Amino acid sequence: NNGTRTNAHTLTQQVQPLGKDQATMDRWISAEIVTVGSEGGQETLGGWPLPTWVQKEIDVYPCVPGEAVVLDNGGNATTCKKCPPGRYRTPRSV
């Protein structure tokens, strides 16, 4: 044996956002690991090109411009609230 694996199988996975049918806060704090390729005879397509982390953050950010995520005492995102006077959040500022 020379260390070469014969008949090795490979696996490709991607981290993808949850579907738009999911709650906005869930989409922001969670993701889905998808196995790309043929699974159970059904072809699973990966996203290409995948969005950058900044693009993903903007796509799944649960608050509208002018609002920011509020964290609870445990650091979990719970709700959105209006930004304080003199401060703002635009989609590009995420």
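Going by the structure above, here's the rest.
To start, this report covers the structure provided alongside it.

Cut-offs applied
- Residues numbered from 1 in each chain as written.
- Predicted model: local features only at pLDDT ≥ 70, side-chain atom pairs only at ≥ 80, totals over all residues.
- Heavy atoms only, no water.
- Patch = residues over 30% accessible without salt bridge, like charges linked within 9 Å, V, L, I, M, F, W, Y side chains within 5 Å.
- Areas by Shrake-Rupley, 256 points an atom, 1.4 Å probe, with all protein chains shown as cover.
- Salt bridge = Lys/Arg side-chain N within 4 Å of Asp/Glu carboxyl O.
- Helix = DSSP H or I, 4+ residues; strand = E, 2+ residues; numbered from the N terminus.
- Disulfide = S-S within 2.5 Å.
- Buried < 20%, exposed > 50% of the residue type's maximum accessible area, 1.4 Å probe, protein only.

Taken together, Val-15, Ile-33 and Trp-53 make up a surface patch of nonpolar side chains, about 390 Å² in accessible area. Among the structural elements, Ile-33 can be located in strand 2 (residues 31-39).

Phi is positive for Asn-7, close to 55°, though the residue is something other than glycine. On the secondary structure map, Asn-7 appears in the segment before strand 1 (12-17).

Turning next to the state of the cysteines. A disulfide bridge is the covalent bond that connects two cysteines by way of their sulfur atoms. Tallied over the full model, the rule gives 1 disulfide. The disulfide that involves Cys-63 links it to Cys-80, with 2.0 Å between the sulfurs. In this structure the cystine formed by Cys-63 and Cys-80 twists about its S-S bond by roughly -90°; its chirality is therefore left-handed. Here Cys-63 is found in the loop between helix 2 (53-60) and strand 4 (67-71), whereas its partner Cys-80 is found in strand 5 (residues 77-82), with 17 residues between them in sequence. You can call Cys-80 partly exposed: its relative accessible area is 22%. Here Cys-83 stays free of any disulfide, with the sulfur of Cys-63 as its closest cysteine sulfur at 8.3 Å.

Turning our eyes to something else, we now look at the environment of Tyr-61. In this structure, Tyr-61 sits in the loop between helix 2 and strand 4. Considering only alpha carbons, one finds Tyr-61 and Thr-24, 37 residues apart in sequence, at a separation of 7.3 Å.

Function cannot be inferred from these measures alone, as they are strictly geometric.
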